[in-house]
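# Overview (structure and organization)
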Amino acid sequence: MMTSAARPGTASTVSVAMTGSGGSGVMTAGNMLLEAAALAGCYGLMSRTSGPQIRGGEAAALIRLANEPIEGHDDRFDLLISVDWLNLERFAAEIPLGAESIAIGDPGQGEPPTAMLAGTRRLALPMKELAKKVPGGRANMIALGYVASLIGLPDDAVGEAVRRTLGAQDDRLPASLAGVEAGRRAAAGVACPHKLALGRGRGAGRWLITGNEAAGYGALKGGVRFVAAYPITPATEMLEWMSPALSGVGGMLVQAEDELASINMAIGASYGGTPSLTATSGPGFALMTESLGLAVAAEIPIVVVDVMRSGPSTGIPTKSEQSDLNIALYGLHGDAPHVVVAPNSVADCLTTTQWAVHLAEAMQVPVVVLSDQSMGQTRMVIDPPPDRELDGARAVAVAGGQGYQRYALTPSGVSPMAIPGTPGLMYTADGLEHSERGTPSSQARDHLAQLDKRKRKLDAVDFGAHWAEIDGEGEIAVLTWGSCTGPVREAIARARADGIAVRLVSLRLLSPAHPDRLAVALHGVKRVLVVEQTHSGQFYRYLRAEHALDAELRAIHLPGPLPMRPGDIHRQIVEWSRP
Amino acid sequence: MMTSAARPGTASTVSVAMTGSGGSGVMTAGNMLLEAAALAGCYGLMSRTSGPQIRGGEAAALIRLANEPIEGHDDRFDLLISVDWLNLERFAAEIPLGAESIAIGDPGQGEPPTAMLAGTRRLALPMKELAKKVPGGRANMIALGYVASLIGLPDDAVGEAVRRTLGAQDDRLPASLAGVEAGRRAAAGVACPHKLALGRGRGAGRWLITGNEAAGYGALKGGVRFVAAYPITPATEMLEWMSPALSGVGGMLVQAEDELASINMAIGASYGGTPSLTATSGPGFALMTESLGLAVAAEIPIVVVDVMRSGPSTGIPTKSEQSDLNIALYGLHGDAPHVVVAPNSVADCLTTTQWAVHLAEAMQVPVVVLSDQSMGQTRMVIDPPPDRELDGARAVAVAGGQGYQRYALTPSGVSPMAIPGTPGLMYTADGLEHSERGTPSSQARDHLAQLDKRKRKLDAVDFGAHWAEIDGEGEIAVLTWGSCTGPVREAIARARADGIAVRLVSLRLLSPAHPDRLAVALHGVKRVLVVEQTHSGQFYRYLRAEHALDAELRAIHLPGPLPMRPGDIHRQIVEWSRP
Amino acid sequence: MNAPVATLPAAKDFKSETKPVWCPGCGDYGVLTSLTRALADLGRRPEEVAIVSGIGCSSRMPAYTSCYGFHGVHGRALAVATGLKVSRPDLTVIAAGGDGDGYSIGGNHFLHACRRNVDMTYIVMDNHVYGMTKGQSSPTTEPDWDNALTPGGTGLRPFQPLVIALASGANFVARAFSGDIVGTADIIARAVRSPGFSFIEVLSPCVTFRPEQREWKELARPSPVPPTDDPARAARRIMTDDGFNIGVLYTGRREPYQPEIGRPRRSLQDLAQGFAL
Amino acid sequence: MNAPVATLPAAKDFKSETKPVWCPGCGDYGVLTSLTRALADLGRRPEEVAIVSGIGCSSRMPAYTSCYGFHGVHGRALAVATGLKVSRPDLTVIAAGGDGDGYSIGGNHFLHACRRNVDMTYIVMDNHVYGMTKGQSSPTTEPDWDNALTPGGTGLRPFQPLVIALASGANFVARAFSGDIVGTADIIARAVRSPGFSFIEVLSPCVTFRPEQREWKELARPSPVPPTDDPARAARRIMTDDGFNIGVLYTGRREPYQPEIGRPRRSLQDLAQGFAL
Ligand SMILES: Cc1ncc(C[n+]2csc(CCOP(=O)(O)OP(=O)(O)O)c2C)c(N)n1
Ligand SMILES: Cc1ncc(C[n+]2csc(CCOP(=O)(O)OP(=O)(O)O)c2C)c(N)n1
Ligand code: SF4
Ligand code: SF4
Ligand SMILES: [Mg+2]
Ligand SMILES: [Mg+2]
């Protein structure tokens, strides 16, 4: 989607962390900063983090801005501004700082965490005091104005962002604008090397969107009109976005009593002819695997979005990881061929989820979409993905004719599906092994024929160019998937800037594996660096199991909760590129 | 366990199928035939098969007898005796016949299935008529007497088997014995090439046991005193055997409302200090994976026996397959290291389940035992496995001392576990990521430390010699697991009889993988034949993912419901041994 | 009544050619016959009806009818049926299964289906046993019923399906007996006609594992009182009768749950506006 | 009463040093205090008590006590507690959690725990919302409560926990209010003392997502009548009150389920005899 020239890593970019205790309003301020930059023609993203408290604990808005598209966080934060220092050290690992970093604190708000701030340049900004001077003023707006000014955001963009966020009629608007202005004045004359080169255009036509919203929208574009789900972090917002949207487009969302119900409701609706979806995260996904197997055996199209979080078990619900790869690929009992795809950016959550619906409907198979917390909950400025014609096209059996066989052994493996209500085609969908007609059978020949058929469906279809993102040349390749693709792209851009030729291969289609295609994609490659966010190297093992990789392999596999950093990958590429 | 000299395949062996409609008593007759052979010093086994009817449909007892230990069915049946021909053709694939086979039918009981019997030698035996001449006589006893006589079983052994089965006081005893006698007389003078060479000894000291019973007994030997379970074919008999046995030894079995409850009850009991187990099959196992992850994260020892059946989904509940390998290895969300082991014979169900309890307790980890329908439900004559000292030894924290840390980072990864009731060691077991103390934590360092610890437990332990069965030398090896080991052993014995050197490697320890050990076991091997009972080659992929195999690989992977036949494996070995 | 009566399918047209796997004498045969009669009486066509089930002997029902059928996994019939019905309100949706499927593994969906009150009918063939897995205690089994898994019985109080259905909000509650073909057909027809979630507990003997249930035919008799629309009264009656009063016991007036499926009001482009800067 | 009183732990000894993650003002603080008081009043020692929970704000309870705790997965607390109690009848086992954990995903275990009647206590902190996941409808939420996931409300009839508990066989049924520390402590103590399965529905406001529940303190008042041992009467009372009568509402006399853990009667060798030829 991005041209090589526009790769991040070479672009001007600034990373800002705004922190404070709950209620200090750093999230609001952060959102305004992001939106202001977007209005000024920049790209950017914001993720949120907070302490264990359900409400009211320490919180941080982690923002990165750039004048070219970016897809993940940088190695370090340039600016840290803390409305107060409450428990800031809990974020030490999430907010890496360096000698270039500037840490801004309110001298009246307690002791700063010295270890974390060691080596940074320190600025004092009496935010509380300055706020007091503005009627109704709040420290977060002072911080916003100060930071915006330091990094060089235009006044009008910041004002516009504040107005948009609060609404023109909001009582707090004058005080907020005045607070921003006061912050800006306080920044006057403060030297700051971290200036944001402004973007081209003014952001019009771009979107501010999370991966969860993008996935929800992609699902609707794919034709989903029924969703059943049970809330779970970090998938809930996808459902919350979809619920009103679905009723707007003539569909519906049903809140189920649990995940066992939600997937079976989706299966029921799909059996009835309506493209259906459910979304969940690891623990809920685990509860769905029995019924995913039913969808495989009974050949019911359905999409399950797993917005992954750190595992195992309840793990760290608010943090990202790619460690549901194993269960998504191999977590069904019996031989149960199904499809697993993964978006590799916030924007791609849209296209890949739409594609997933298409694949499910076309092959009458369950499709798992592996998104994750870091894509799902990051709000990002993106160029809207191009419209794609990927509407689900289910092979539907038409009335008339005799002896309808629901599970007929066709060359493609796909058999036309009768939709209830159609005269003359009545059949029973079955998770027991069955004959072509659908009658339960324990005969070896029926079992083999249906196992072959269900596999054939996946072998016979052309998954098209969307199966992977392949970019660049060179004897070194980085092979990755999902949200790791963002930092990998950035690392590759840096390596290229160093003069190292590196190829990117990011797999969107994880199952069925396409070893031949991957072999072509890696043609001429001597060294493959595998990058994934798991502890045990799940992707690496999957690659070995399913593909013939004769290049030299190295793997970076790190668990959550910290994001993959482009610098770590870059370092490995550079090291490996030495002859 | 067996010495090379005693390998089957060279032994005198006879296979008999006894078939008839429900109520015809072929299962009873089959059991008597097996027991008679056992009493005569032979080894043998019997499996059962029946049509879709819950009761009263066609049924077949599939028996194999030999004067050396055997562990699976032969390529063909030597004798087929049908009390009536009802739907016999449904068993055509399960009862392969050849030119040497003799098919015995009752001329008065309808039309025989000609296609299935083509090429066999046919004998007519008016079982119904002969039975009528015996007061209270039944056709199945005529069949028993006839077959026993044809294959040369001693009269007294048959009589003893009948008496044991019915009990000396049973009213039906005289008629049964008379029926057997009438059958025997009818066989007088009938030539039969399929004679059973009698075994050494009279069977005293041997056991007649199913894999389900053996696994249940092994669990008790391992120390299991709590079982919670929900019925499912083909695991139910294991539970039914254990229920009274447990209350005999001071434990208990609780029937749960579903599998979600059963595994959590077992986890609760184990948390309380009692070694615990649940048993299920594919669909139930799928429902347990979320809570298996809890046992991983909270470090609760527990054993789950999955008696596999043909999948996916409800599949073929009464038929065997090894296709739950994937879900057992990789079916948990997040990075969730756990142990997977598999018995490789009916007798080994005992030892390996006992071992599983030991491993679970020693490492405070869930252990999955992959048995299957063919081991679980086959009744077999075995030499009792030697007693092993494998009692579960849980590292238990002792009272006294300060600042108990449940999840302390020990070198072995195993941390002493406090048992409720112990003063001063109170802690909360948690499936959320946690600190050493057990307090929930979303810190990267705690996550990494605990992920490392949970992996270290499995890396650090010595799994001992039971990890695999390795036998023989040669440049060809057959690498297999579970119930496929029986037919593989037999195929190898035949190949050796042909003069081909073949090595057997049957893995009992599937996870964690031990690539180094396998490399040693395969040292010098040039060609590896992988044998498994799945459609997709799950074991083959697992081997590639987890091990560095540089030998040439071929795979036989066939789904259920038919058993793996030694002949198919033998043929492949022979073909491959040609230079 | 203007439709040409001659074209309406008869009861036999609702039976498929698939031979049931049930044991000779199993109560479920009677339920199948009653169901096909009811559908004929209701004037439905097989293609307008979907029968959804889980796993168990009784859950084999769908394939024995000529309707659309769904034979899913153990315990989840009501969830499948709910998804189907709310997305396809034009269909007549009937869930069917056993006491193990519905009250043990499926108990949560039973609770929430009653509460949700989707317009469908749930028929449970209760034989107080797990038939398919060869005879273990189900939630409705007597506490002292001896069997291999729980020798001497579970010792547990039997689950009271009708009381729970009432307490959790089912809008139509009835008890039927499989041996009473005509009566059961009538109850099924009324259940299907009744808006919202209709629950029918059918006493359906398992002659193989509970042969003593053959006696049920002596015990079952029509309820002496007409249905009530007062749940408390219905509950009292059910709790005090001996479990063999047959008939419709409760009919409520709750509105069924049916999310509106309107014509699309918003275009996808329109939704995308929400993301635009 | 001969034990040296001085050595018995006080309420504060049942609190751990872990700081709750709960929002300031959350009702669950009150429940924690009542629970620790009750345990002190009961004369238990922390090591004799195990608190078992699922997932949710309320399910964080175990670690805030100094007892043995088990924080399991969402919805399965009662199953864990059951396994623990039947295998360790010497322990005092208390399951605790929220309305989502207990009545939605955990509904089936709730039904069967009531029926099974194991001697333990189940405390549900009902706030009519999924707090932990930031405000969606739970089974007890009012049908018209607007929220992001079900805009305008679910339209579903609220689940009636006390009625279901009664109907499925709980032996002790009570309603408490988190703001009433002493009263709730008393109810918990009585529940623990009562043999069999004791169920306490605690109204415990979620001040963050349901701030209007702060008003509950005006509405909650002691039940005007003493507990009954007649389930039908208890059910009628519960169905007709306004949901704010606080107190023990029902105490039954069912025998708890506790499989005997006798001294081993059979040796393993003895069992193996069954396999011998
Ligand atoms: C998840 C799962 N657990 C267990 C089973 C095994 N199973 C099949 S049917 C059944 C019980 C059936 O009982 P019921 O619903 O009363 O039906 P019946 O056979 O008595 O008509 C069980 C436990 C299964 N198929 N799936
Ligand atoms: C299997 C699974 N599904 C969903 C979730 C997400 N989840 C966590 S807590 C919760 C609801 C909690 O509600 P409640 O039990 O009422 O507790 P409260 O937070 O209100 O005290 C949900 C849905 C989960 N952790 N696991
Ligand atoms: S086992 Fe029982 S329920 Fe199943 S078919 Fe036979 S009689 Fe009917
Ligand atoms: S969100 Fe609600 S239930 Fe959770 S801690 Fe806050 S107030 Fe309590
Ligand atoms: Mg039943
Ligand atoms: Mg709640």
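See the structure printed just above.
A brief look at the structure comes next. This is a predicted model, so every value here is computed, not measured.

It is worth spelling out the overall build of chain A at this point. In terms of helices and strands, chain A carries 18 helices and 21 strands. For 579 residues, the compact-globule estimate of 2.2 N^0.38 gives 25 Å, and the C-alpha radius of gyration of chain A, at 25 Å, lies within 12% of that figure. Across its three principal directions, the C-alpha atoms of chain A cover 85 × 60 × 40 Å. The buried share of chain A, taken over its 579 residues, is 69%. Taking all contacts inside chain A whose residues are at least 6 apart in sequence as the whole, residues at least 24 apart take part in 75%. Counting every atom, chain A has about 17100 Å² of accessible surface; 52% of that belongs to carbon and sulfur. Of the side chains in chain A, 50 bear a positive and 59 a negative charge, and the two mean positions are spaced by 4 Å.

A few words now on the overall build of chain C. Looking only at helices and strands, chain C features 9 helices and 8 strands. Relative to a compact globule of 277 residues, whose C-alpha radius of gyration would be 19 Å, chain C shows 20 Å and is just as compact. C-alpha extents for chain C along the principal axes are approximately 70 × 50 × 35 Å. Here chain C holds 277 residues, and the buried ones make up 65% of them. When contacts within chain C are restricted to residue pairs at least 6 apart in sequence, those whose partners lie at least 24 apart make up 71%. Entry remark: accessible area of chain C is about 9800 Å², with carbon and sulfur atoms responsible for 53%. Each charge class in chain C was averaged separately, 29 positive and 27 negative side chains, and the resulting centres sit 4 Å apart.

General note: in soluble globular proteins, nonpolar side chains tend to be found buried as a group. With 318 residues, the main nonpolar core has Leu507 and Leu510 of chain A, Leu507 and Leu510 of chain B, Phe199 of chain C together with Phe199 of chain D as its most contacted residues. Among all residues touching Leu507 of chain A, those that are not within four sequence positions of it are Ala342, Trp467, Ala468, Leu479, Thr480, Trp481, Leu518, Phe539, Tyr542 and Leu543 of chain A.

To continue, consider the sheet that holds strand S19 (residues 509–511) of chain A. All names here are of chain A. On the basis of which strands lie adjacent, the open sheet formed by 7 strands has the order S9-S8-S10-S11-S13-S12-S19 and mixed pairing. At either end of the open sheet lies a strand with only one pairing partner, and these are strand S9 (252–255) and S19. On average, adjacent strands in this sheet sit at an angle of 25 degrees to one another, irrespective of strand direction. By the bridge criterion, 4 bridges tie strand S10 (residues 276–280) to strand S11 (residues 302–308) in an arrangement that is parallel. Opposite Leu277, over in S11, you have Val303 as the bridge partner.

All names here are of chain B. For Thr410, the position within the fold is in the loop between strand S14 (379–382) and strand S15 (428–430). Its relative accessible area of 16% is what places Thr410 among the buried residues. Those residues in contact with Thr410 that lie beyond four places of it in its chain are Ser415 and Arg456.

So, on to the interface of chain A and chain B. Facing 59 residues of chain A, the contacting portion of chain B comprises 59 residues. In this structure, the connection of chain A to chain B is made through 2 salt bridges. Among the salt bridges present, the one from Arg541 of chain B reaches Glu546 of chain A, with a minimum N-O distance of 2.6 Å. Our count for the chain A to chain B interface comes out at 33 residue pairs in polar contact (both at pLDDT 80 or more). Every element with two or more residues in the side of chain A that touches chain B is listed here: helix H10 (282–298), helix H11 (325–330), helix H14 (444–460) and helix H17 (538–546) of chain A. Residue contributions to the side of chain A that touches chain B peak at 10 residues, all from H10 of chain A. For the side of chain A that touches chain B, the per-class residue count stands at 23 nonpolar, 24 polar and 12 charged.

Turning next to the site of ligand 1. Taken together, 24 residues form the shell around ligand 1, and within it Glu259 of chain B together with Cys57, Ser58, Asp99 and Asp101 of chain C come nearest. More than one chain lines the surroundings of ligand 1; the residues nearby belong to chains A, B and C. One nitrogen or oxygen atom from the side chain of Asn127 of chain C is found 3.0 Å from an oxygen atom belonging to ligand 1. One of the backbone nitrogen or oxygen atoms of Val129 of chain C is found 3.0 Å away from an oxygen atom of ligand 1. Summarising the interface, the protein chains cover 98% of the accessible area of ligand 1, which totals 590 Å² for the free molecule. Among the secondary structure elements, those contributing two or more residues to the shell around ligand 1 are helix H10 (282–298) of chain B together with helix H3 (99–105) of chain C. The leading source of residues in the shell around ligand 1 is H3 of chain C, at 4 residues. Considering only residue class, the shell around ligand 1 consists of 11 nonpolar, 9 polar and 4 charged.

Attention now moves to the site of ligand 3. Taken together, the neighbourhood of ligand 3 is formed by Ile54 of chain B together with Trp22, Cys23, Cys26, Cys57, Asn127, Cys206, Val207, Thr208 and Phe209 of chain C. Those chains with residues close to ligand 3 are chains B and C. A class-by-class count of the residues in the shell around ligand 3 yields 8 nonpolar, 2 polar and no charged.

All right, on to the coordination of the magnesium ion (ligand 6) then. Residue and element names in this part refer to chain D. Around the magnesium ion (ligand 6), the donor atoms from the protein are Asp99 (OD), Asn127 (OD1) and Val129 (O), and they sit 2.0 to 2.2 Å away. Read N to C, the donor residues that coordinate the magnesium ion (ligand 6) are spaced as D-x27-N-x1-V. One end of the pair, Asp99, is in helix H3 (residues 99–105); the other, Val129, is in the loop between strand S4 (121–126) and helix H5 (161–168), and 30 residues separate them in sequence. By the burial criterion, Asp99 is buried, and Val129 matches it.

Turning to the packing of aromatic side chains, a few remarks are in order. Within the structure shown, the criterion is met by 49 aromatic pairs over all chains. Taken together, Tyr271, Tyr404, Tyr407 and Tyr427 of chain A together with Tyr68 and Phe70 of chain C form an aromatic cluster joined through their ring pairs.

To continue, consider the environment of Glu436 of chain B. All names here are of chain B. Mapped onto the fold, Glu436 is located in the loop between S15 and helix H14 (444–460). With a relative accessible area of 27%, Glu436 lands in the partly exposed category. Linking Glu436 and Arg406, residues 30 residues apart in sequence, is a C-alpha distance of 6.3 Å. Only 2.8 Å separates the side chain of Glu436 from the backbone nitrogen of Leu409, close enough to count as a polar contact.

Let's shift gears to the pairing of S4 of chain D. All names here are of chain D. Counted residue by residue, S4 has 6 buried out of 6 residues, so it is predominantly covered. The alternating pattern of S4 places Thr121, Ile123 and Met125 on one face and Tyr122, Val124 and Asp126 on the opposite face, and all of these are buried. Both strand S3 (residues 92–98) and S4 contribute to a ladder of 5 bridges, which runs parallel. Bridge pairing links Ala96 to Ile123 in S4.

To continue, consider unusual backbone geometry. Omega for the bond connecting Gly560 of chain A with Pro561 of chain A falls within 30 degrees of zero, at 0 degrees, which places this linkage in the cis form. Structurally, the position occupied by Pro561 of chain A is in the loop between strand S21 (552–557) and helix H18 (566–577). Omega for the bond connecting Thr233 of chain B with Pro234 of chain B falls within 30 degrees of zero, at 0 degrees, which places this linkage in the cis form. Inspection of the secondary structure assignment puts Pro234 of chain B in the loop between strand S8 (226–229) and helix H8 (236–248). Non-glycine residue Glu299 of chain A carries a positive phi angle of around 60 degrees. Residue position: Glu299 of chain A is located in the loop between H10 and S11. Given the relative accessible area of 0%, Glu299 of chain A is considered buried. Positive phi, normally seen in glycine, also occurs at Lys134 of chain D, with a value near 75 degrees. By the secondary structure assignment, Lys134 of chain D is in the loop between S4 and H5.

Calculation notes
- Residues numbered from 1 in each chain as written.
- Chains lettered and ligands numbered in written order.
- Predicted model: local features only at pLDDT ≥ 70, side-chain atom pairs only at ≥ 80, totals over all residues.
- Heavy atoms only, no water.
- Helix = DSSP H or I, 4+ residues; strand = E, 2+ residues; numbered from the N terminus.
- Rg over C-alpha atoms; globule rule 2.2 N^0.38 Å.
- Buried < 20%, exposed > 50% of the residue type's maximum accessible area, 1.4 Å probe, protein only.
- Contact = heavy atoms within 4.5 Å.
- Areas by Shrake-Rupley, 256 points an atom, 1.4 Å probe, with all protein chains shown as cover.
- Lys, Arg positive; Asp, Glu negative; His and termini not counted.
- Charge placed at Lys NZ, Arg CZ, Asp CG, Glu CD.
- Core = buried A, V, L, I, M, F, W, Y, C linked by side-chain atoms within 4.5 Å.
- Pairing = 2+ DSSP bridges.
- Axes fitted to C-alpha atoms, helices over the stretch in contact; angles between N-to-C directions.
- Salt bridge = Lys/Arg side-chain N within 4 Å of Asp/Glu carboxyl O.
- Polar contact = N/O pair within 3.5 Å; in protein donor to acceptor, adjacent residues only side chain to side chain.
- Nonpolar A, V, L, I, M, F, W, Y, C, P; charged D, E, K, R; others polar.
- Near = heavy atom within 4 Å.
- Donors = N, O, S within 2.8 Å, 3.2 Å for Na, K, Ca; no water.
- Phe/Tyr/Trp six-rings, centres within 6.5 Å; stacked < 30°, edge-to-face > 60°.

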